[in-house]
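For reference, the chains in residue letters:
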Amino acid sequence: MFENFICKIAFLDYILIYNVSIYNQNDYLCLEQKTIIKNTKTITMSYLFKPQNYDPILTLQQTEVGISKIKEFFQSNLSSELRLRRVTAPLFVLRGTGINDDLNGVERAVNFPIKDMGDARAEVVHSLAKWKRLTLAAYGVENGYGIYTDMNAIRADEELGNLHSLYVDQWDWERVMTAEERNIDFLKSIVRSIYASFLRTEYLVSESFPAIRPCLPAEITFIHAEELRQLYPTLTPKERENEFTRIHKAVFVIGIGGPLGDGEKHDGRAPDYDDWTTVAENGLAGLNGDILFWNPVLELAFEVSSMGIRVDKAALLRQLEMEGKSDRLNMYFHKRLVDGSLPLSIGGGIGQSRLCMFFLRKAHIGEIQSSIWPAEMYKECQKLNIILM
């Protein structure tokens, strides 16, 4: 039976566009897309997955202890697995340099003028995907080694809900690689190393809190987005992820960003960091992907990391042209990449709050981090026994 769905609604002078996908999955209600348009501005609605009879396993104090344990343990393991050194990261960068992450290419960055620099505008970072590659060059990091950082960001255009917040915290990492390693086998080897850190962290959590039982499989399953499309041709990309991850529990979906066999993208990616166009040895395009876990609380595919082999010069030029963004070649980051002064690299981001949410069996990211939520969401979460920080 459908539950009432929570969303922010404004009535005056707005036109409601009902391109809405609603489905019921094990007594959950999910609004995948609902858009309101006023003049030329688009407003994305907040959403809420409603787990039935939700009862948090941990108290608020135990949750804080768990967050601390997970963050300290996981980053140490990740550093050892991938040979990464921690570096200090910026909260903001100058606009117009091409350094900030464009995510899907449409999100607006929070920005402000700098009085002492003639009101030049700075942008709060979305992520550090391109900044890390510049830092590898600046630090002269050798092949096979890399860096990681605690990245904090504000994403003002985020669709707020169980999985998304205005505040983003993640481990951003980047590692130098060779041209010979630009292949699927190397990508998979890095994914397996990261997954080994996940497994050890899950064991730590279960030892610390015996009521939380491990649920990840011993091995992660790999599948290309095109193979996923062919496996479930009538489903949307998110529905495909749900079906496949429900079966395999831990999945890496390869090849995200470019058009698939039906001409549609599995999901969007900016054209200037991940390589989603190079045809690999499997005959399919893309050297990047997402790590997904089956979330036993929300019963859906749960993304914990987006990562990939980064663009070389050829892939950058190709992807910028495909996306109509060739004007970016005049920006600082892109000039550096084209002139060959940046190393080849692989990198990604791993959500800190997302990871804690998964391992501590929480229903909402607001149970892990302090942020701002719609008043209606606070009220509805209280009814569901979801205590937002």
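Visitor: Would you explain the overall build of the chain in this entry?
Guide: Check the secondary structure of the chain and you find nine helices and 16 strands. By the burial criterion, 51% of the 389 residues in the chain qualify as buried. Considering only contacts in the chain between residues 6 or more positions apart, those separated by 24 or more positions represent 70%.

Visitor: Explanation requested: the sheet that holds strand S7 (residues 92-94) in the structure shown.
Guide: Whenever strands of a sheet pair, they do so through backbone hydrogen bonds, lying parallel or antiparallel. Strand order in the open sheet formed by three strands is S7-S9-S8, with antiparallel pairing between adjacent strands. Of all strands in the sheet, those bounded by a partner on one side alone are S7 and strand S8 (111-114). Along the sheet, successive strands turn relative to each other by an average axial angle of 35°, direction set aside. Note that S8 and strand S9 (residues 120-124) share four bridges and pair antiparallel. Opposite Ile-114, over in S9, you have Ala-120 as the bridge partner.

Visitor: What is the right way to look at the sheet that holds strand S10 (residues 146-154) in this model?
Guide: Pairing is mixed across the open sheet formed by eight strands, whose spatial order is S6-S10-S11-S16-S15-S14-S13-S12. Each end of this open sheet is capped by a strand with a single partner; those strands are strand S6 (84-86) and strand S12 (221-224). The mean angle between the axes of side-by-side strands here comes to 30°, regardless of whether they run parallel or antiparallel. Judged from the nine bridges that link them, S10 and strand S11 (residues 167-176) form a sheet pairing that is antiparallel. Of the residues in S11, the one forming a bridge with Asn-152 is Asp-169.

Visitor: Whenever I open this one, the packing of aromatic side chains confuses me. Can you help?
Guide: For any pair of aromatic rings, the description rests on two quantities: the centre-to-centre distance and the angle between the ring planes. Here the structure, examined in full by the defined rule, presents 10 aromatic pairs. Pairing Phe-92 with Phe-112 gives two aromatic rings, centres 5.4 Å apart and planes at 90°, and the pair type is edge-to-face. With a gap of 20 residues between them, Phe-92 in strand S7 and Phe-112 in strand S8 connect regions that are remote in the sequence. Plain terms: the ring middles of Phe-198 and Phe-293 are 5.2 Å apart, the flat faces sit at 85° to each other, and that makes the pair edge-to-face. Separated by 95 residues along the polypeptide, Phe-198 in helix H3 (residues 184-208) and Phe-293 in strand S14 (residues 288-295) bring together distant segments of the chain.

Visitor: Help me understand the confidence of the model for the chain in this model?
Guide: In regions of low pLDDT, the predicted coordinates are not meant to be interpreted in detail. On average, the chain scores 86 in pLDDT, and the residues at 70 or more come to 87%. In this model residues 1-44 is a low-confidence stretch, pLDDT under 50, and it forms 93 contacts with partners more than four residues away in sequence or in other chains.

Visitor: Can you walk me through the packing of helix H1 (residues 60-82) against H3 in this structure?
Guide: Between two packed helices, what matters for the description is the angle formed by their axes and the separation of those axes. Where H1 meets H3, the closest approach of the two axes is 9 Å, and the angle between their N-to-C directions is 150°. In terms of orientation, H1 lies roughly antiparallel with respect to H3. H3 is crossed by H1, and the crossing has right-handed handedness. For the pair H1 and H3, the contacting residues are Lys-69, Ile-70, Phe-73, Phe-74, Asn-77, Leu-78, Glu-81 and Leu-82 in the first and Ile-190, Ser-193, Ile-194, Ala-196, Ser-197, Phe-198, Arg-200, Thr-201, Leu-204, Val-205 and Ser-208 in the second. When its residues are assigned to classes, the contact of H1 with H3 shows 11 nonpolar, five polar and three charged.

Visitor: I'm lost on the environment of Val-168 in this one. Help?
Guide: Inspection of the secondary structure puts Val-168 in strand S11. Classification of Val-168 by relative accessible area gives buried; the value is 12%. In this structure the C-alpha to C-alpha distance between Val-168 and Ser-353, which are 185 residues apart in sequence, comes to 7.9 Å. In this structure, Val-168 is in contact with Met-151, Asn-152, Ala-153 and Arg-155, ignoring residues within four places of it in sequence.

Visitor: Hey, could you run me through the packing of H1 against helix H8 (residues 352-359) in this one?
Guide: It is the contact of H1 with H8, at a shortest axis distance of 10 Å, that shows an interaxial angle of 120°. In this view, H1 runs oblique relative to H8, as classed from their interaxial angle. H1 and H8 meet at a crossing whose hand is right-handed. On H8, the residues that touch Ile-67, Ile-70, Lys-71 and Phe-74 of H1 are Gln-352, Leu-355, Cys-356 and Phe-359.

Visitor: Explanation requested: the side chain of Asn-288 in the structure shown.
Guide: Tracing the sequence through the fold places Asn-288 in strand S14. At 3.3 Å, the side chain of Asn-288 forms a polar contact with the side chain of Asp-274. Apart from the residues lying within four places of it in its own chain, the contact partners of Asn-288 are Leu-187, Phe-252, Val-253, Ile-254, Gly-255, Ile-256, Arg-269, Asp-274, Asp-275, Trp-276, Met-307 and Gly-308.

Visitor: Just checking my understanding: could you explain the side chain of Asp-275 for this structure?
Guide: Considering the arrangement of structural elements, one finds Asp-275 in the loop between strand S13 (250-254) and S14. Here the side chain of Asp-275 touches Arg-182 through a polar contact of 2.5 Å, side chain to side chain. Those residues within four positions of Asp-275 in sequence are excluded, and the remaining contacts are Arg-182, Gly-286, Leu-287, Asn-288, Ile-309, Arg-310, Val-311, Ala-315, Arg-318 and Gln-319.

Visitor: Just to check I follow, could you spell out helix H2 (residues 129-139) for this structure?
Guide: Each full turn of the α-helix corresponds to 3.6 residues, which orients residues three or four apart in the same direction. Within H2, eight of the 11 residues are buried, leaving the element largely enclosed by the surrounding structure. Those residues of H2 not exposed but buried are Ala-129, Lys-130, Trp-131, Lys-132, Arg-133, Leu-134, Thr-135 and Leu-136. Packed against the buried residues of H2 are S10, S11, helix H7 (332-338) and strand S16 (345-351). One or two positions beyond H2, positive phi appears at Gly-140, with a value near 60°.

Visitor: What should I look at first to understand unusual backbone geometry in this one?
Guide: A negative phi angle is the norm for most residues apart from glycine, just as the trans form is the norm for most peptide bonds. With a phi angle near 55°, Asn-53 is a residue other than glycine that sits in the positive phi range. Secondary-structure assignment places Asn-53 in the loop between strand S5 (41-44) and H1. Accessibility expressed as a relative area gives 77% for Asn-53, which makes it exposed. Even without glycine at this site, Arg-83 takes up a positive phi of about 60°. Inspection of the secondary structure assignment puts Arg-83 in the loop between H1 and S6. Arg-83 sits in the partly exposed class, given a relative accessible area of 40%.

Quick notes on the rules
- The residue numbers shown here count from 1 along each chain, following its written sequence.
- At least 70 in pLDDT is required for a residue's local features to be given in this predicted model, at least 80 for side-chain atom pairs to be given and counted, and no such filter applies to totals for whole chains, interfaces and linings, which use all residues.
- Values shown for side chains rest on all heavy atoms present in the structure; no hydrogens or waters enter the calculation.
- Helix numbering and strand numbering both begin at the N terminus, where a helix is a DSSP run of H or I of at least 4 residues and a strand a DSSP run of E of at least 2.
- Only protein chains enter the accessibility calculation, which uses a 1.4 Å probe. A residue is then buried if its area is under 20% of the maximum for its type, exposed if over 50%, and partly exposed in between.
- The contact definition used throughout considers only heavy atoms, calling two residues in contact when any of these lie within 4.5 Å.
- Paired strands, as defined in this entry, are two strands with at least two bridges between them according to DSSP.
- Axes here mean lines fitted to C-alpha atoms, for a helix over just the part in contact, with angles spanning 0 to 180 degrees between N-to-C directions.
- Each pair of aromatic rings taken from Phe, Tyr and Trp, with Trp reduced to its six-membered ring, is defined by centres within 6.5 Å and is described as stacked if the planes are under 30 degrees apart, edge-to-face if over 60, and tilted in the remaining cases.
- Looking at any residue, its pLDDT shows the predictor's confidence there, from 0 to 100.
- The cut-offs work like this: below 35 degrees is roughly parallel, past 145 is roughly antiparallel, 65 to 115 is roughly perpendicular, and the gaps in between are oblique.
- By convention the crossing between two helices is left-handed if the near helix lies anticlockwise of the far one by an angle smaller than a right angle, and right-handed if it lies clockwise.
- Residues are grouped as follows: Ala, Val, Leu, Ile, Met, Phe, Trp, Tyr, Cys and Pro are nonpolar; Asp, Glu, Lys and Arg are charged; every other residue, Gly included, is polar.
- Pairs of N or O atoms are called polar contacts if they sit within 3.5 Å, as long as, within protein, a hydrogen donor faces a hydrogen acceptor (for residues adjacent in sequence, only side-chain-to-side-chain pairs).

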